[in-house]
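What the coordinates show
Read off the chains here:
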Amino acid sequence: MRAVLPIAVIDDDAAACAAMIDLLGAMGLAAIGFAGALAFLRSGHARRVRCVITDMRMPVMGGLDLCRHLAADGNPVPTILVTAYPDETTRRQAQSLGVGAYLAKPCDPEELLQALQSLLTD
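The structure contained in this document is the topic of the report that follows.

The rules we used
- Residues numbered from 1 in each chain as written.
- Predicted model: local features only at pLDDT ≥ 70, side-chain atom pairs only at ≥ 80, totals over all residues.
- Heavy atoms only, no water.
- Helix = DSSP H or I, 4+ residues; strand = E, 2+ residues; numbered from the N terminus.
- Rg over C-alpha atoms; globule rule 2.2 N^0.38 Å.
- Buried < 20%, exposed > 50% of the residue type's maximum accessible area, 1.4 Å probe, protein only.
- Contact = heavy atoms within 4.5 Å.
- Areas by Shrake-Rupley, 256 points an atom, 1.4 Å probe, with all protein chains shown as cover.
- Lys, Arg positive; Asp, Glu negative; His and termini not counted.
- Charge placed at Lys NZ, Arg CZ, Asp CG, Glu CD.
- Core = buried A, V, L, I, M, F, W, Y, C linked by side-chain atoms within 4.5 Å.
- Pairing = 2+ DSSP bridges.
- Right-handed = clockwise from strand over helix to strand, strands pointing away.
- Disulfide = S-S within 2.5 Å.

With that settled, consider the overall build of the protein. The number of helices and strands found in the protein is five helices and five strands. By the compact-globule yardstick of 14 Å for 122 residues, the protein fits well, its C-alpha radius of gyration being 13 Å. Of all 122 residues assigned to the protein, the portion counted as buried reaches 39%. A separation threshold of at least 6 residues defines the contact pool for the protein, and within that pool the share at least 24 residues apart is 62%. For the protein, the exposed surface amounts to about 6,700 Å²; the carbon and sulfur share of it is 54%. The protein carries 10 positive and 13 negative side-chain charges, and their two centres are separated by 8 Å.

Structure, rendered in structure tokens:
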């Protein structure tokens with residue numbers, strides 16, 4: 001039996017991170033939270049997650065920079081980028097980096113589930 005890897009939730013807003021983890025749990029998905037991109041990278045989990053759900057704007061390293069870092073490291077993890085400030089320029093940048101979904105905060109649960117199903121199908 002194959003072990004099910006968790007989804008990494010990366011957000012510098014602790015309440016938003018906890019809410020996303022709770023939502024994923026309600027969907028029957030395991031998740032682990034990180035207070036920022038650097039915390040995630042330093043944790044050693046970057047190669048042990050099914051997917052990353054990351055906030056766009058965070059101190060030190062934002063979501064797009066995290067995606068660039070993972071790709072440059074040879075580890076393009078399926079990623080959902082969430083932001084409270086959606087705009088078309090950022091959406092296009094995210095798409096050019098291979099981000100699987102670009103969602104506005106607060107995330108619509110159905111939209112999130114649809115994005116996850118699309119990214120996590122084997």
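Read on for the rest.
Formed by 17 residues in total, the largest nonpolar core has its most connected members in I7, L24, I53, I80, L112 and L116. Elements with a contribution of two residues or more to this core: strand 1 (7–10), helix 1 (14–26), strand 3 (51–55), strand 4 (79–83), strand 5 (101–104) and helix 5 (109–120). Broken down by element, the residue count for this core peaks at four residues, all from helix 5. Here I80 is in contact with C51, V52, I53, T54, A101, L103, L112, A115, L116 and L119, once residues within four sequence places are set aside.

Next up on the list: the pairing of strand 1. Neither face of strand 1 is open: one carries I7 and V9, the other A8 and I10, and all of them are buried. Pairing geometry for strand 1 and strand 2 (residues 31–34), over four bridges, is parallel. Note that in strand 2 the partner of V9 across the bridge is G33. What joins strand 1 to strand 2 is helix 1, and the crossover it makes is right-handed. As paired elements, strand 1 and strand 3 share four bridges and run parallel to each other.

Glancing now at the state of the cysteines. Summed over the entire model, instances satisfying the criterion amount to zero disulfides. This cysteine, C67, is not joined by any disulfide, and C51 carries the nearest cysteine sulfur, 10 Å off. Relative accessible area serves as the criterion here: at 7%, C67 is assigned to the buried category.

Quick look at unusual backbone geometry now. Omega for the peptide link from K105 to P106 comes to -10°, which places this bond in the cis form. If you trace the backbone, P106 turns up in the loop between strand 5 and helix 5. Backbone geometry places V60, a non-glycine residue, at a positive phi of 70°. Along the chain, V60 turns up in the loop between strand 3 and helix 3 (63–72).

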